[in-house]
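# Secondary and tertiary structure notes
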Amino acid sequence: MAEQQRSGKPEKLARRLYERELLRLQQELVKLQEWVRVEGARLVVVFEGRDAAGKGGAIQRVTEYLNPRIARVAALPTPTERQKTQWYFQRYVEHLPAAGEIVLFDRSWYNRAGVERVMGFCDDDEYWQFLHQCPTFERMLIESGILLRKYWFSVSDTEQERRFRDRLEDPMKRWKLSPMDVESITRWEDYSRAKDEMFLHTDIPDSPWHVVESDDKRRARINMIAHLLSTVPYQETKVPQIRLPARPASRGYQRPPRDLQKYVPDHAAALE
């Protein structure tokens, strides 16, 4: 089932509505973070989808106001030669959260069912072993107390190509366009078949996939964050009151002369 150009899709969410609701949801994410910290919970959120489907933007909005010591992003590079000899899930286990932590996987162990399968980076035995072991692996995470949420960002072929062209023409975004991204255009149906096969084996009751329609990035971000919040039984925790003390009287400290230190040039002054 390929993700083709969709007809009858809703209009793009107005920026004013988007920004207002996004801020409200981000306030709830801060409450969720504090609940995770206080309760010692462990939350894992997996972000998957085609290239340019909007995963990175959604992750940025989730983490924008969160404490990076509590909520961190795991975006693993290509495995090393040593890692290639390990149990496939081993390098991902290293990044799982401890008590009071949230980890957002910007792509995850599902690389094997997607890009590795389509591009031939794994053989058939490795691929089918992954599909067999993955549900068991995720059940083990859940049974250990980890809250696991999986999101698939679904983008149409025409919107993906539009975003690729935007990256190609914008020097600030060109780094986002890799040879692998370009290759995905010609392998659209291969990726569709791989995604369908992946869902068939890993969309299980214990650990279901949640599909996010992402042709409209604003709607996708709002919908994904709202859904995540609705699936975690967090509660607002009491924040201890903090009072700023009165500043004590000076005890004779003298700041060293300014010419003894190196200051950053006032570049802003040249703009005025």
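What this report covers is the structure whose coordinates are included nearby. Everything quoted here is computed from the prediction, not taken from an experiment.

### Re the overall build of the protein chain
Tallying secondary structure elements over the protein chain gives nine helices and five strands in all. Helices and strands in the protein chain line up, N terminus first, as α-β-α-β-α-β-α-α-β-α-α-α-β-α. Its C-alpha atoms give the protein chain principal-axis dimensions of about 75 × 50 × 45 Å. Across the 272 residues that make up the protein chain, the buried fraction comes to 41%. Counting contacts in the protein chain only where the partners sit at least 6 residues apart, residues at least 24 apart contribute 80% of the total. Of the roughly 17100 Å² of accessible surface on the protein chain, a fraction of 52% belongs to carbon and sulfur atoms. For the protein chain, the separation between the mean place of its 45 positive charges and that of its 42 negative charges on side chains is 7 Å.

### A short note on the sheet that holds strand β1 (residues 42-49)
With respect to topology, five strands assemble into an open sheet ordered β2-β3-β1-β4-β5, the strand pairing being parallel. Both outer strands of the open sheet, β2 (71-74) and β5 (209-213), are each paired with one neighbouring strand and no more. Taking the axes of each pair of neighbouring strands and ignoring which way they run, one obtains an average angle of 20° across the sheet. Relative to strand β4 (residues 147-154), β1 runs parallel, the two sharing seven bridges. Paired with L43 across the strands is L147, a residue of β4.

### What about empty space enclosed by the protein?
Inspection of the entire model under this criterion finds one cavity of 30 Å³ or more. Looking at the largest cavity, its volume works out to about 50 Å³. Taken together, L29, L32, L43, V45, V62, L66, I102, L104 and L228 form the lining of the largest cavity. The set of elements that each furnish at least two residues to the lining of the largest cavity consists of α1 (15-39), β1 and β3 (101-106). By residue class, the composition of the lining of the largest cavity is nine nonpolar, no polar and no charged.

### Section: the nonpolar core
Judged by nonpolar contacts, the single largest core of 32 residues is most densely connected at L29, L32, V45, F47, F153, M224 and I225. Contributions of two or more residues to this core are made by α1, β1, α2 (55-63), β3, β4 and α9 (217-231). With seven residues, α1 is the single largest residue contributor to this core. Excluding anything up to four places from it in sequence, F153 contacts F47, E48, G49, R50, A53, G54, K55, A58, V212, S214, A220 and M224. By size, the runner-up hydrophobic cluster in this structure holds 26 residues, among which are Y92, Y127, F130 and W152.

### Some thoughts on a nonpolar patch on the surface
A grouping of L23, V30 and Y65 is seen on the molecular surface, where their side chains present a nonpolar patch of about 270 Å² in accessible area. Within the secondary structure, L23 sits in helix α1. According to the relative accessible area criterion, L23 is partly exposed, its value standing at 42%.

### Considering the packing of aromatic side chains
Two numbers describe a pair of aromatic rings. These are the distance of the centres and the angle of the planes. All told, the structure shown has 20 aromatic pairs when counted by the stated rule. Taking the centre distance of 5.5 Å and the plane angle of 75° together, the rings of Y88 and F89 count as edge-to-face. A relative accessible area of 15% means that Y88 is categorised as buried. Residue F89 is classed as buried on the basis of its relative accessible area, which comes to 0%. Between W109 and Y110, the aromatic rings sit 6.3 Å apart at their centres with planes inclined by 35°, giving tilted as the arrangement. Judged by its relative accessible area of 0%, W109 is buried. Joined through ring pairs, the aromatic side chains of W87, Y88, F89, Y92, F105, W109, Y110, F130, F137, W152, F199 and W209 make up one cluster. The side chain of R117 reaches across the aromatic face of Y127, ending 3.9 Å from its centre. Looking at K195, its charged tip hangs above the ring of F199, at a distance of 4.7 Å from the centre.

### So, the state of the cysteines
Throughout the structure, instances matching the rule amount to zero disulfides. No disulfide involves C122; its sulfur sits 13 Å from the nearest other cysteine sulfur, which is in C134. Classification of C134 as buried rests on a relative accessible area of 0%.

### Thoughts on α9
In this model, α9 (15 residues) spans 21 Å end to end at C-alpha, consistent with the 21 Å of a helix rising 1.5 Å per residue. Among the residues of α9, those classed as buried are R218, A220, R221, I222, M224, I225, L228 and L229. Contacts made by the buried residues of α9 are with α1, β1, α2, β4 and β5. The N-cap of α9, judged by a side-chain oxygen 3.0 Å from the amide nitrogen of R218 a few residues on, is D216.

Reading the values: the criteria
Residues numbered from 1 in each chain as written. Predicted model: local features only at pLDDT ≥ 70, side-chain atom pairs only at ≥ 80, totals over all residues. Heavy atoms only, no water. Helix = DSSP H or I, 4+ residues; strand = E, 2+ residues; numbered from the N terminus. Buried < 20%, exposed > 50% of the residue type's maximum accessible area, 1.4 Å probe, protein only. Contact = heavy atoms within 4.5 Å. Areas by Shrake-Rupley, 256 points an atom, 1.4 Å probe, with all protein chains shown as cover. Lys, Arg positive; Asp, Glu negative; His and termini not counted. Charge placed at Lys NZ, Arg CZ, Asp CG, Glu CD. Pairing = 2+ DSSP bridges. Axes fitted to C-alpha atoms, helices over the stretch in contact; angles between N-to-C directions. 1 Å grid on protein atoms, 1.4 Å probe; cavity = no way out; pocket = protein on both sides within 12 Å on 5 of 7 lines; lining within 4 Å. Points joined across faces, edges and corners; volume = space filled by probe spheres on them. Nonpolar A, V, L, I, M, F, W, Y, C, P; charged D, E, K, R; others polar. Core = buried A, V, L, I, M, F, W, Y, C linked by side-chain atoms within 4.5 Å. Patch = residues over 30% accessible without salt bridge, like charges linked within 9 Å, V, L, I, M, F, W, Y side chains within 5 Å. Salt bridge = Lys/Arg side-chain N within 4 Å of Asp/Glu carboxyl O. Phe/Tyr/Trp six-rings, centres within 6.5 Å; stacked < 30°, edge-to-face > 60°. Lys NZ or Arg CZ within 6 Å of the ring centre and 35° of its normal. Disulfide = S-S within 2.5 Å. Expected span 1.5 Å × (residues − 1). Polar contact = N/O pair within 3.5 Å; in protein donor to acceptor, adjacent residues only side chain to side chain.

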